[in-house]
Amino acid sequence: MKIIMLGAPGAGKGTQAKMIAEKYSLPHISTGDIFRANIKNGTELGMEAKSYMDKGQLVPDELTVKILLDRVAKDDCKNGYVLDGFPRTIPQAKVLEDALNKTGEKIDYAINVDVPDENIIKRMSGRRACVNCGATYHIVNVPPKKEGICDKCGSELILRDDDKEETVKNRLTVYHDQTQPLIDFYSERKVLKNVDGTLDMMDVFKAITNILG
Ligand code: AP5
Ligand code: MG
């Protein structure tokens, strides 16, 4: 099963993608996580990606597409995957579609986690992410057992550099300009499913598993 998660920054794509990946035994592939791992390791790719991410802009398609195509070619993807944060532009979606067409494959579901802009800013300022394992929390909605410490691995929780209010506003503008058109793109391909992302996260997950079966 090949699944794409669509939605604004902070809509809960990562939260849901991790749960889907676990339930259906699929790899969870987040381009944002791949970039952040490269930043942490000080790679050339990481340095280049950071210059865009810190401003809330998209990393150029040429860089992003190559990373994604390499990743989905790996062995663990042969039964499918959950893509979180890719595609984010129509050109990215077309490259993925062309690559899949070559082997007679296709995306099965594009799940759009729908959350209005007003809710997004509140969520982002409360988000905390683990520096080590990437697990995400929210200081009010999904608090860790011990403040500032990851439940899963005991490492420190931090506010992401791009979760500052001004940057979040830029990310929302970029989302509406460049990523929202993908809703029509996948709707035309009859794989789009909308879920209400303002619900409690377990209710969002229930709506998704009703769709995936
Ligand atoms: P990326 O890491 O993909 O960030 P994003 O799309 O902006 O999305 P987020 O990860 O911020 O939010 P999310 O939807 O995963 O929400 P989450 O589950 O964490 O990308 C970062 C940057 O990398 C981009 O800006 C760009 O520069 C670059 N990039 C990445 N991919 C790219 C690409 N393909 N092309 C070009 N550039 C690319 O939830 C958010 C918060 O809400 C959390 O605190 C969570 O606990 C809480 N929450 C979740 N669900 C609920 C709920 N139902 N109710 C209440 N709270 C909830
Ligand atoms: Mg995410």
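Everything here concerns the structure above.
For every chain, the first residue of its written sequence is number 1, and the numbers climb from 1 along that sequence. Chains and ligands are labelled sequentially in the order written, the chains with letters from A and the ligands with numbers from 1. pLDDT decides what is reported in this predicted model: residues at 70 or higher carry local features, side-chain atom pairs at 80 or more are listed and counted, and totals for whole chains, interfaces and linings draw on all residues regardless. Values reported for side chains reflect all heavy atoms of the structure, with hydrogen atoms and water molecules removed beforehand.

Trainee: An account of the pattern of salt bridges is requested, with residue identities and associated values reported.
Mentor: Counted as salt bridges are all cases of a side-chain nitrogen of Lys or Arg within 4 Å of a carboxyl oxygen of Asp or Glu. One pass over the structure, following the stated rule, counts 17 salt bridges. The salt bridge involving D54 is made with K50; its shortest N-O contact spans 2.7 Å. Exposure is judged per residue with a 1.4 Å probe applied to protein chains only, and the accessible area is read against the type maximum: over 50% gives exposed, under 20% gives buried, and values in between give partly exposed. The exposure class of K50 is partly exposed, given its relative accessible area of 25%. Between K164 and D161 there is a salt bridge, with its nearest N and O atoms 3.9 Å apart. Members of the salt-bridge network, linked through shared partners, are R127, R160, D162, D163 and R171.

Trainee: Any chance you could break down the sheet that holds strand β7 (residues 157-158) for me, citing the residues and the numbers?
Mentor: Strand pairing in a sheet takes place through backbone hydrogen bonds and is either antiparallel or parallel in direction. DSSP bridges decide pairing: two strands pair if at least two such bridges lie between them. For the purposes of this entry, the term helix denotes a DSSP run of H or I that reaches at least four residues, the term strand denotes a run of E that reaches at least two, and both are numbered from the N terminus. The three strands are arranged β6-β5-β7 in an open sheet whose pairing can be described as antiparallel. The open sheet has two free edges, formed respectively by β6 (136-138) and β7, since each of these has just one partner strand. Bridge count between strand β5 (residues 127-130) and β7: two bridges; the pairing is antiparallel. Paired with C130 across the two strands is L157, which belongs to β7. Any two residues having at least one pair of non-hydrogen atoms within 4.5 Å are treated as being in contact. Inter-axis angles, ranging from 0 to 180 degrees, are taken between N-to-C directions of lines fitted to C-alpha atoms, where helices are fitted over the stretch in contact. Each of β5 and β6 is contacted by helix α6 (residues 117-126), which is oriented at about 40 degrees to β5, the strand it contacts most.

Trainee: How would you summarise the packing of helix α2 (residues 31-40) against helix α4 (residues 61-72) if you had to cite specific residues and measurements?
Mentor: The contact between α2 and α4 brings their axes to 11 Å, and the two run at 100 degrees. One way to sum up the angle between α2 and α4 is to call them roughly perpendicular. Only T64, I67 and L68 of α4 make contact with α2, whose side of the interface consists of T31, I34 and F35. Class assignment of the residues belonging to the contact of α2 with α4 gives a composition of four nonpolar, two polar and no charged. Throughout, the term roughly parallel applies to angles under 35 degrees, roughly antiparallel to angles over 145, roughly perpendicular to angles from 65 to 115, and oblique to all others. Ten residues, namely Ala, Val, Leu, Ile, Met, Phe, Trp, Tyr, Cys and Pro, are considered nonpolar, four, namely Asp, Glu, Lys and Arg, are considered charged, and the remaining ones, Gly among them, are considered polar.

Trainee: An account of the packing of helix α1 (residues 13-23) against helix α9 (residues 201-212) is requested, with residue identities and associated values reported.
Mentor: In contact at an axis separation of 10 Å, α1 and α9 are set at 50 degrees when each is read in the N-to-C sense. One element, α1, and the other, α9, form an angle in the oblique class. As for the relative orientation of α1 and α9, their crossing is right-handed in sense. On the side of α1, the interface is formed by T15, Q16, M19, I20 and K23, while α9 contributes M201, M202, V204, F205, I208, T209 and L212. Of the residues that constitute the contact of α1 with α9, the class distribution is eight nonpolar, three polar and one charged. Take the far helix as the reference: if the near one is turned anticlockwise from it by less than a right angle, the crossing is left-handed, and if turned clockwise, right-handed.

Trainee: An account of helix α3 (residues 44-53) is needed here, citing residue identities and associated values.
Mentor: Looking only at α3, the buried set comprises G46, A49 and M53. Down the axis, α3 shows its buried residues gathered within 70 degrees of arc, on one side only. Along its buried surface, α3 packs onto α2 and α7 (165-179). The arc in question is the one spanned by the directions pointing from the helix axis to the C-beta atoms.

Trainee: Before we move on, can you summarise the environment of Y186 with the specific residues and values?
Mentor: Relative to the helices and strands, Y186 resides in helix α8 (residues 181-188). A relative accessible area of 3% places Y186 in the buried class. Here the alpha-carbon distance between Y186 and I111, two residues 75 residues apart in the chain, equals 9.4 Å.

Trainee: Can you lay out the nonpolar core for me, pointing to particular residues and giving the numbers?
Mentor: What tends to happen in soluble globular proteins is that the nonpolar side chains get buried as a cluster. Residues belong to a common nonpolar core when they are buried Ala, Val, Leu, Ile, Met, Phe, Trp, Tyr or Cys residues joined through side-chain atoms within 4.5 Å. Judged by nonpolar contacts, the single largest core of 46 residues is most densely connected at M5, I20, L83, L96, I111 and Y186. Not counting the four nearest positions on each side in its chain, L96 is found in contact with I4, L68, Y81, L83, F86, P87 and I107.

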